[in-house]
Structure formats: structure tokens, C-alpha cells
Amino acid sequence: MKKSVIYSLLAIVAVVLSACSTSKSTVSKNSDLSKYEYASIINNDTYHLPAQLMEYEIQLYDAVADSRLKLVSDVRMYELSQSQQERLLMVKWGVDPGEYETIVTVNFIDYMTGRPVASCKGGYGMSLTRTGDLKGAINRVAKQISEIFPK
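My aim in this report is to walk through the structure given alongside it, one point at a time. (Residues numbered from 1 in each chain as written. Predicted model: local features only at pLDDT ≥ 70, side-chain atom pairs only at ≥ 80, totals over all residues. Heavy atoms only, no water.)

Re the overall build of the protein chain
Line of reasoning, step 1. If you tally the helices and strands in the protein chain, you get four helices and six strands.
Line of reasoning, step 2. Order of helices (α) and strands (β) in the protein chain, N terminus to C terminus: α-β-β-α-β-α-β-β-β-α.
Line of reasoning, step 3. Across the protein chain, contacts joining residues at least 24 apart in sequence account for 63% of those joining residues at least 6 apart.
Line of reasoning, step 4. Split by element, the accessible area of the protein chain, about 9,000 Å² in all, is 56% carbon and sulfur. (Helix = DSSP H or I, 4+ residues; strand = E, 2+ residues; numbered from the N terminus. Contact = heavy atoms within 4.5 Å. Areas by Shrake-Rupley, 256 points an atom, 1.4 Å probe, with all protein chains shown as cover.)

Quick look at the structure:
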């Protein structure tokens, strides 16, 4: 009987912890996301994952590529016409591997104005490892990106 009570308490704690995980999108009320067609992931030292997490960079690129946005290399975005640049979003991301939850944030910035137009945040803290939490957070942020930029 004691074991069933302990298992029940563990299940309740797991549900409470998963409810605390942060996943949400914020879209500027003055932005028309339907006009955007292209995305360029900013690839500089500020927005790279730590070396031990580099394999997950592929999943971040996939998360954007799975939306309706067409990926354009950050070194080739200057080759786009002005009309195409007006439909271009720059993408920046950050990873916060917290003690209890890992949060991945992906921000979308209008290329022409430099104004942030959308931000997607995926949090996960149910795994027993940081890499498991990172995978979960990336999956959640990918879902947010697909919802605000549907195919």
C-alpha cells in the first residue's frame, strides 16, 4: 500500500512539473506574419550553441525549415532582391540550460526594420538529463514555430 501511495505522489509531482514547463509564442500585435516568406538564421558566435550541444543545432535549423519559411544562408541574404528582403526574417536563438528546466528561445526579426516580430519559447524539464531536456525544449519550440508560420 505504501508503494502505491509513493507512486501516486510521484505521478502527481511529474504532472505538476510538466505543467510548469514554459512553452509559448509572442507575436507583435502590429505585425503581419503572413507577408514573410524567407528566414535567415544568424550564425555568429553570440547565437551558437555550446560545443557539447552542437548536434542539436541541426534540430533548430529543421524547426525553422519545417515551417513555411524558406531558409536563406546568412551570407547570401544580401543577394536577395529588395522585394525579397522585405519578406525576410532574421532568426536568432538562445539556450538557457537551467537547473530544473532547459529553455530554447527563437526570435524572428524583420530584416528591413530590425524589429522583433515574433518570439517562440520552448521549455522542458522532465528528462533526467540536460540533453534530454534540450531535445524536449527544441521539440516544443519547433511546434510553436510551426503554429505561427504554418505551411
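Next comes the rest of the write-up.
Quick word on the side chain of T102
Line of reasoning, step 1. Residue position: T102 is located in strand 5 (residues 102-110).
Line of reasoning, step 2. For T102, a relative accessible area of 1% corresponds to the buried category.
Line of reasoning, step 3. Setting aside anything within four residues of it in sequence, one finds T102 in contact with V95, D96, P97, G122, G123, Y124, R130, D133, L134 and A137. (Buried < 20%, exposed > 50% of the residue type's maximum accessible area, 1.4 Å probe, protein only.)

What to know about the packing of aromatic side chains
Line of reasoning, step 1. All told, the structure shown has two aromatic pairs when counted by the stated rule.
Line of reasoning, step 2. An angle of 75 degrees between the planes, with centres 6.0 Å apart, marks the rings of Y61 and W93 as edge-to-face. Note that Y61 is positioned in helix 2 (residues 57-65) and W93 in strand 4 (residues 88-97), a separation of 32 residues in sequence.
Line of reasoning, step 3. The buried category is assigned to W93, whose relative accessible area is 6%. (Phe/Tyr/Trp six-rings, centres within 6.5 Å; stacked < 30°, edge-to-face > 60°.)

Some remarks on the pattern of salt bridges
Line of reasoning, step 1. Under the criterion given, the structure shown has four salt bridges.
Line of reasoning, step 2. Of the charged contacts in the structure, one is a salt bridge between K70 and E37, with a shortest N-O distance of 2.8 Å. Taken together, the positions of K70 in strand 3 (residues 70-71) and E37 in the loop between strand 1 (23-27) and strand 2 (38-41) put the pair 33 residues apart, joining distant regions of the chain.
Line of reasoning, step 3. Between E37 and R87 there is a salt bridge, and its shortest N-O distance comes to 3.0 Å. In this pair, E37 is assigned in the loop between strand 1 and strand 2 and R87 in the loop between helix 3 (82-85) and strand 4, connecting sequence segments 50 residues apart.
Line of reasoning, step 4. By relative accessible area, R87 is classed as partly exposed at 23%. (Salt bridge = Lys/Arg side-chain N within 4 Å of Asp/Glu carboxyl O.)

Things to note about the environment of R76
Line of reasoning, step 1. With respect to the helices, strands and loops of the structure, R76 is situated in the loop between strand 3 and helix 3.
Line of reasoning, step 2. Residue R76 is classed as partly exposed on the basis of its relative accessible area, which comes to 48%.
Line of reasoning, step 3. Residues R76 and S40 lie 36 residues apart in sequence; the distance between their C-alpha atoms is 8.9 Å.

A few points about helix 2
Think of an α-helix as 3.6 residues a turn; residues three or four steps apart then line up on the same face.
Line of reasoning, step 1. Regarding helix 2, the residues found buried are E57, L60, A63 and V64. For helix 2, the angular spread of buried residues about the axis comes to 115 degrees, placing them on one side.
Line of reasoning, step 2. Against the buried residues of helix 2 lie strand 2, strand 3, strand 4, strand 5 and helix 4 (130-148). (Arc of directions from axis to C-beta.)

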